[in-house]
Amino acid sequence: MAIPRHSLRGFLAYAKGALRSSIDSSQRVTLVIGNESADLDSMTSSVLYAYLRSMAPPHNAFTQLYIPVTNIPSSGLRLRPEFLALFTYANIEPSHLITLDDLPDLSVIQSKLRPENTRWILVDHNALQGQLGQIYSARVEGVIDHHEDESKVPEDTGCEPRVITKSGSCTSLVTEYCREVWDLLSGSGTSSGAAHGQGHGLSDDVAVVKFWDAQIAQLGLASILIDTANLESEDKTTEHDIRAVEYLEAKIISCPQLSAEFDRSLFYKRIDSAKKDIAKLKLHDILRKDFKQWNEGNQKLGISSVVKPIEFIQKKACEEANTQPFEPAHLEALQKFCKDQDLDLYAVMTTSTSPEGQFQRELLVWAFNDDAISAAKKFAADANEELGLEEWCDSDGNAHENSSDGHWRKVWWQRKVQHSRKRVAPLLREAMQQAHNGGWAT
Ligand SMILES: [Mn+2]
């Protein structure tokens, strides 16, 4: 039997407790996990899917309960001010979110959470990375994603989805996949029996369910608006996003407590400015807060996405190192980050707005050994046109290409701004594979 209808807050508390007792008593669990950058889209995709699916699981589901996991330790939540801003709309707190801290420690996870007792559904990625991937990849039996298909999830996923398609936000695809079930649930809210006495001052169950629906709809809506710039980015917005926004907005508008107040653009602006409010964070945290890594052969690639320009990184590093502006403190900071992460090849992708109001991207690539240098140079040559790479100069007019001590580093403007890490990562990985196969001589 499906679990009764809860508020999101109630559901997360229930799921967290159920996960703990399933681990303690070696019971089956179904985990819905976003990618390791744990951005807003990954978090809301897993929460939305797990929440709706748990209220109406398919009849042959592995378990009735679907547990949403945000793919970072809970300490990472403080690096994501947009999460905190959004949580207030959904009446949840950081402690409600289920994170890697709620899974057994990696050193013992295999014995405490036996692979055969688990089923994994991937949202916002389609290949389970890192140690979790090494242990549980064969237990992945469902995916909803908008990244390039790595062909790691089996073609036949049984009663779970295998949806990998282009969209601005993965949350749009989750919304689309679940909307039929959600409509049924909203219609049957009065018979759930879970909606009594919730203290909202609402007189009937229908109103309570509408309020819960509106809370979760705001959670989903935030990601889609962030990922498509309030549906205004032509490069990113797809039909999936437009339809999902209409659907979620309708849920918010039909809730009497919220309909009068709700203003989509204002809502977007609030979450977006929270996301960009990273001035208080340490540079190290800024680099790791939206970070992804991959292994190609014996080489490790890492890419940080940063919502501020390189100039911001330079200033931040100088402040922290207490040096004069424009001394290369940021290079030391970046290099230390790479060392900590044990990277052979590193990229920083920045996004910012020009003084004229244009969306812009910079790309820094840094290779730390000969193989990585071959790959980086191959990438620079092959991807030059597709990404619109153009030499970047700092405010003194100096280009930023450096080759010394067995390193190579270069910074570009990426003029084809439609290409996010979703495209840049595969291009770098391809160059690494080809350089590794000896197809390129330095
Ligand atoms: Mn995404």
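One can find the structure itself at the top, above this paragraph.
Presented here is a report on the structure given in the accompanying data block. Remember, predicted model here, so these are calculated numbers, not experimental data.

## A word on the overall build of the protein chain
A count of helices and strands for the protein chain gives 15 helices and 12 strands. Along the first, second and third principal axes, the C-alpha atoms of the protein chain reach 70 × 50 × 40 Å. When the 442 residues of the protein chain are sorted by exposure, 55% land in the buried category. Sequence-distant contacts in the protein chain: of pairs separated by 6 or more residues, those separated by 24 or more amount to 69%. Put simply, the protein chain shows about 19,200 Å² of open surface, and 46% of that area lies on carbon and sulfur atoms. Charge separation in the protein chain, taken as the distance between the mean sites of 47 positive and 62 negative side-chain charges, equals 3 Å.

## Quick word on the sheet that holds strand β3 (residues 118–123)
Taken in spatial order, the five strands of this open sheet run β2-β1-β3-β4-β5, and their pairing is parallel. Each edge of the sheet is formed by a strand with only one pairing partner; in this case those strands are β2 (66–69) and β5 (162–164). The average undirected angle you get between the axes of adjacent strands in this sheet is 25°. Pairing between strand β1 (residues 29–33) and β3: five bridges, direction parallel. Of the residues in β3, the one forming a bridge with valine 29 is threonine 118. Where helix α2 (residues 40–55) meets the sheet, its contacts fall on β1, β2, β3 and β4 (140–145), and the angle it forms with β2 comes to roughly 170°. Its contacts with the sheet place helix α6 (residues 170–187) against β3, β4 and β5, and it is angled at close to 110° to β4.

## Quick word on the coordination of the manganese ion
Each protein donor to the manganese ion is listed here as Asp41 (OD), Asp124 (OD) and His146 (NE2); together their distances run 2.1 to 2.3 Å. Mapped onto the sequence, the residues coordinating the manganese ion show the spacing D-x82-D-x21-H. Taken as a pair, aspartate 41 in helix α2 and histidine 146 in the loop between β4 and β5 lie far apart in primary sequence, 105 residues in all. Overall, the relative accessible area of 6% leaves histidine 146 in the buried class.

## Here we look at helix α12 (residues 310–321)
Compared with the 16 Å implied by 1.5 Å per residue over 12 residues, the 16 Å span of α12 between its first and last C-alpha is a close match. Inspection of α12 places Ile310, Phe312, Ile313, Gln314, Lys316, Ala317 and Cys318 among the buried residues, and these make up the whole buried set. On its buried face, α12 is in contact with α11 (283–289), β7 (299–306), α13 (329–341), β8 (345–353), β9 (359–367) and β12 (407–414).

## Notes on the nonpolar core
Counting residues in each nonpolar core, the largest one holds 81 residues, and the members touching the most others are Leu8, Phe11, Leu31, Ile67 and Trp120. Looking at this core element by element, the count peaks at 13 residues for helix α7 (residues 205–228). Filtering out sequence-adjacent residues up to four positions away, leucine 8 remains in contact with Val47, Tyr51, Ala90, Ile92, Ile216 and Leu219.

Conventions used here
- Each chain carries its own residue numbering, running from 1 in the direction its sequence is written.
- Restriction of local features to residues with pLDDT of at least 70 applies here, the model being predicted, together with a cutoff of 80 or more for giving and counting side-chain atom pairs; totals for whole chains, interfaces and linings are based on all residues.
- The side-chain numbers reported here are obtained from all heavy atoms of the structure, hydrogens and water having been left aside.
- Secondary structure follows DSSP: runs of H or I at least 4 residues long count as helices, runs of E at least 2 residues long count as strands, and numbering of each begins at the N terminus.
- Buried, partly exposed and exposed residues are distinguished by accessible area as a fraction of the type maximum, computed with a 1.4 Å probe on protein chains only: under 20%, between the cut-offs, and over 50%, respectively.
- Contacts are assigned to residue pairs with any non-hydrogen atoms lying within 4.5 Å of each other.
- Per-residue and other accessible areas were derived by the Shrake-Rupley procedure at a 1.4 Å probe size, with only the shown protein chains allowed to occlude residues.
- Charged-residue counts in this description rest on Lys and Arg as positive and Asp and Glu as negative, His and the chain ends being excluded.
- A charge is said to be at NZ when it belongs to Lys, at CZ for Arg, at CG for Asp and at CD for Glu.
- A pair of strands is treated as paired once DSSP finds two or more bridges between them.
- Axes, fitted as lines to C-alpha atoms, cover a helix only where it is in contact. Angles between the N-to-C directions of the axes lie from 0 to 180 degrees.
- Metal donors: N, O and S atoms at distances within 2.8 Å, or within 3.2 Å for Na, K and Ca, with water omitted from the atom set so that some sites may seem incomplete.
- Residue count minus one, scaled by 1.5 Å, sets the expected span of a helix.
- What is meant by a nonpolar core is a set of buried Ala, Val, Leu, Ile, Met, Phe, Trp, Tyr and Cys residues, joined one to another through side-chain atoms within 4.5 Å.

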